[in-house]
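Spelled out, the chains give:
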Amino acid sequence: MGSKRKFTNLFKSLKRNWLLYVFVMPALIHIILFRYWPMFGLQIAFKRYSFAEGITGSPWVGLYWFNKFVASPRFLEIIKNTLSLSLYSIIAGFPMPIILALILNNVKSEKWKRFSQTITYMPHFISTVVLVGMMSLFFSPSSGFVNTIFKWFGGSGQIYFMGMPEYFPHMYVWSGVWQGMGWGSIIYLAALAGVDTSLHEAARIDGANKFQRVIHIDIPNILPTIIIVLIMNCGSILGVGYEKVYLMQNSLNSGVSEVISTYVYKMGLGRQQYSFSTAIGLLNNVVNFLVLIIVNKLADKFSGTSLW
């Protein structure tokens, strides 16, 4: 009787709210088709896949491809490059949107505030290909303005920045900071908009200056948002996107620019080692998932804020 009653209530709910379910249906279909259904193909990470035999007909090899990746000569180099770029991006890029949001939140002129927001948002809409093209032009040893400026101050003016391994991490990270800083500040500006203005008024009466109000009022109020964003960033610690790295990569800087995503791309599409590249991608996602769980648990323990 209990299960029958539950089914009846579910049917009544579907009938009563059918229009809402119609609106949800396209998103649900998209998630099923493009998120869950492709997981069927993950089994080739444990098989010796071939087109002729197909996914289900290919023989099982267990953890062979995972062991092959771990034992490969470039394993430590690739992991090191991926971790260094990811950690550098988090350390350099994570505080910038917060600082920008706090600055914009304290701008008195609404016109200047809107203008500043527009200017800082614009780089987000520049495609990766265009961004790397701009960097190639700006840092060109023959016509780039960066080398021209260096030449004015007595430099050679012939530095090939894009080909020098020691400059690659800095160019990758700080161009990303410039591109994403304004867009990333939106969530913090929204959180700052919810701060009770009476707190600032009381602090102002007590003699607190602007910096003290930021430290003791604004930051504590947006701290839960900061922690949530940090947890999500840490959850993709091995998820350095391949597009920008691949476009900036060349034979001169490959020693520091080869990351997991570019290696997977080259193994999968370049050498047709589909099982090998799938195993690497799966291992990458599993590690990211474990890091997400650990960081979320630590955040919950020390701050009381977490994703779940």
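Residues numbered from 1 in each chain as written. Predicted model: local features only at pLDDT ≥ 70, side-chain atom pairs only at ≥ 80, totals over all residues. Heavy atoms only, no water.

A few points about the environment of glutamate 201
Defined as follows: Only DSSP runs of H or I covering at least 4 residues are called helices, and only runs of E covering at least 2 are called strands; the numbering of each starts at the N terminus. Relative accessible area decides the class of each residue, using a 1.4 Å probe on protein chains only: under 20% of the type maximum gives buried, over 50% gives exposed, and in between gives partly exposed.
Inspection of the secondary structure assignment puts glutamate 201 in helix 11 (residues 197-205). Of the residues examined, glutamate 201 reaches a relative accessible area of 46% and is grouped as partly exposed. C-alpha of glutamate 201 to C-alpha of isoleucine 126: the two residues are 75 residues apart in sequence and 40 Å apart in space.

Examining the pattern of salt bridges
Put simply, the rule reads: Salt-bridge detection follows one rule: a side-chain nitrogen of Lys or Arg within 4 Å of a carboxyl oxygen of Asp or Glu.
On inspection of all chains with the given rule, the structure shows three salt bridges. Close ionic contact of glutamate 77 with arginine 74 constitutes a salt bridge, the shortest N to O distance being 2.5 Å. The salt bridge partner of glutamate 258 is lysine 266, with a shortest N-O separation of 3.0 Å. What makes glutamate 258 buried here is its relative accessible area of 3%.

Observations concerning the environment of glutamine 179
Rules: Any pair of residues with heavy atoms lying within 4.5 Å of one another is described as a contacting pair. Whenever two N or O atoms come within 3.5 Å, that pair is a polar contact, provided that in protein one can donate a hydrogen and the other can accept it, and provided that, for residues adjacent in sequence, both atoms are side-chain atoms.
Note on placement: glutamine 179 falls in helix 10 (residues 168-193). With relative accessibility at 14%, the residue glutamine 179 sits in the buried group. When the C-alpha atoms of glutamine 179 and methionine 267 are compared, they prove to be 29 Å apart, with 88 residues separating the residues in sequence. Once residues lying within four places of it in the same chain are set aside, the contact partners of glutamine 179 are Pro123, His124, Ile126 and Leu131. At 3.4 Å, the side chain of glutamine 179 and the backbone oxygen of proline 123 are in polar contact.

With respect to the packing of aromatic side chains
Both the distance between ring centres and the angle between the ring planes are used here to describe each pair of aromatic rings. Selection criterion: In this scheme Phe, Tyr and Trp rings, the latter by its six-membered ring, pair at centre separations within 6.5 Å, and the angle between planes marks the pair as stacked below 30 degrees, edge-to-face above 60, and tilted otherwise. Distance and angle both matter: a charge sits over a ring if NZ of Lys or CZ of Arg is within 6 Å of the ring centre and within 35 degrees of the ring normal.
As enumerated under the stated definition, the model contains 22 aromatic pairs in all. Their ring planes at 75 degrees and their centres at 4.8 Å tell us that tyrosine 64 and tryptophan 65 sit as a pair that is edge-to-face. A relative accessible area of 9% means that tryptophan 65 is categorised as buried. On the numbers, 5.3 Å between centres and 65 degrees between planes, the contact of phenylalanine 139 with phenylalanine 161 is edge-to-face. Of this pair, phenylalanine 139 sits in the loop between helix 8 (128-138) and helix 9 (145-152) while phenylalanine 161 sits in the loop between helix 9 and helix 10, placing them 22 residues apart in sequence. For phenylalanine 161, a relative accessible area of 6% corresponds to the buried category. What links up through ring pairs into an aromatic cluster is the set Tyr64, Trp65, Phe69, Phe75, Tyr263 and Phe276. A cation over an aromatic ring shows up here: arginine 48 above the ring of tyrosine 64, its NZ or CZ 5.1 Å from the ring centre.

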